[in-house]
Amino acid sequence: MSLTAGIVGLPNVGKSTLFNAITNQKILAENYPFATIEPNVGVVTVPDERMDRLKEMYDPNRFIPTAYEFTDIAGLVKGASQGEGLGNKFLSHIREVDAIVEVVRCFENGKIIHVDGNVDPLRDIETINLELAISDLDIINNRLDRVSKKARTTKDKDTLLEVEALEKAKDALEKNIPLRQVDFTDEEKKVLKSYSFLTIKPIIYLANISEEELGMEDNNYVKVVKEYADKENSKVVSLCAKTEEDLSELSDEDKQEMLEALGLENSGLDNLIKTTYDILGLATYFTVGKDEVRAWTFRKGMNAKECAGIIHTDFEKGFIRAEVISYTDLIECGSELKVKEAGKARLEGKEYLMQDGDICHFRFNV
């Protein structure tokens, strides 16, 4: 299951520095607007201590943790929805991601130019979110112009539902309400899904602070971001992008020493990745053995048959049953054999709802 988060923000807020840290790749990160012209994509390992335990237990030939894709997208400026800066090119890249990580500058540094002249996180957030909303409204208005007449004349049920959903979305956006806050019905969600609206995507506000403020009480800029996020039930993660970049260049041992010296339990990137994973409603199941230990990402609420299809479509088509044990039981018992002897191994059918930490072997026939 390929999932992507887009890193967005105004120019010079720390997006490319953050991306360097996430992927440990050296992409362009210069002190001027539009240093990032094309989207840069990197695959990130999702931190999961369970995988380390499974690796020790099975000593597999292949070890494949679950991964998540981050896309660094060129800086947005006011008027992008009308073509300013990189305009619609930026917005088209955003439509391809599953979640948005909006980087907000929450530090003072006279040597780093701010595109609007001074640091103001609330203004920056509203600038970006307004452009996203305007872009969605343009799509809605263009579509309504084409389908409203058809709905009135044909009374087609599907077309009427589409018009109703679009008008509901339009009304919300005109009231400055992002679509992720709108209570759409399941039918309306299905209709709107194909549009890939920007404001319907889950969002994390990433407060980029200075190294001196790590481990300290939130500064006033971060407090403003959290107040804004709370109103729309969104998440906020604070980190110092430059520090995360420095950490990414160290060995695991040196990284841990630096974190301890900074008074931090986890890196900000680990927190960001886990939070991004969480807001998308994702979980992990495992397949294990001497040949391979692998983590598989699935959406919470998926059944065993659907999860089998993540590995291969044949697994889903010919699904018979799933042999399931929990990670917790495996660790407590010490081996798969002992889990079975304890009566904790299960055979589950296609409607079984997979749980985070399930260890599975799928039986299928095609």
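Here the structure is a predicted model, which means the values were calculated and not measured. (Residues numbered from 1 in each chain as written. Predicted model: local features only at pLDDT ≥ 70, side-chain atom pairs only at ≥ 80, totals over all residues. Heavy atoms only, no water.)

At a closest axis distance of 9 Å, the pairing of helix α5 (residues 157–174) and helix α6 (residues 186–193) adopts a crossing angle of 85°. Classified by the interaxial angle, the pair formed by α5 and α6 is roughly perpendicular. On α6, the residues that touch Leu-161, Glu-162, Glu-164, Ala-165, Leu-166 and Lys-168 of α5 are Glu-187, Glu-188, Val-191 and Leu-192. Along the lines of polarity and charge, the residues of the contact of α5 with α6 split into 5 nonpolar, no polar and 5 charged. (Axes fitted to C-alpha atoms, helices over the stretch in contact; angles between N-to-C directions. Helix = DSSP H or I, 4+ residues; strand = E, 2+ residues; numbered from the N terminus. Parallel < 35°, antiparallel > 145°, perpendicular 65-115°, else oblique. Contact = heavy atoms within 4.5 Å. Nonpolar A, V, L, I, M, F, W, Y, C, P; charged D, E, K, R; others polar.)

With that settled, consider the packing of aromatic side chains. For the structure shown, the criterion picks out 9 aromatic pairs. The interplanar angle of 45° and the centroid separation of 6.4 Å between the aromatic rings of Phe-286 and Tyr-327 together place this pair among those described as tilted. A residue pair is termed long-range when its members are at least 10 positions apart, and Phe-286 in strand β8 (residues 282–287) and Tyr-327 in helix α13 (residues 327–333) qualify at 41 residues. Take Phe-286 and Tyr-327: they sit in the same class, and that class is buried. Following the ring pairs from residue to residue traces out a cluster consisting of Tyr-285, Trp-296, Phe-298, Phe-319 and Phe-362. Between the NZ or CZ atom of Arg-294 and the centre of the ring of Trp-296, over which it lies, the distance is 4.0 Å. (Phe/Tyr/Trp six-rings, centres within 6.5 Å; stacked < 30°, edge-to-face > 60°. Buried < 20%, exposed > 50% of the residue type's maximum accessible area, 1.4 Å probe, protein only. Lys NZ or Arg CZ within 6 Å of the ring centre and 35° of its normal.)

Let us now look at the sheet that holds strand β1 (residues 4–8). Taken together, the 6 strands give an open sheet; going across it, the order is β2-β4-β1-β5-β6-β7, and neighbouring strands pair in mixed fashion. Either end of the sheet is taken by a strand with one partner, and the two such strands are β2 (40–45) and β7 (235–239). Adjacent strand axes in the sheet meet at a mean angle of 25° when their direction is disregarded. When β2 meets strand β4 (residues 67–72), the two strands line up antiparallel, connected through 6 bridges. Following the sheet pairing, Thr-45 is matched in β4 by Ala-67. Strands β1, β2, β4, β5 (99–105), β6 (203–208) and β7 of the sheet are contacted by helix α10 (residues 268–279), whose axis makes an angle of about 165° with β7. (Pairing = 2+ DSSP bridges.)

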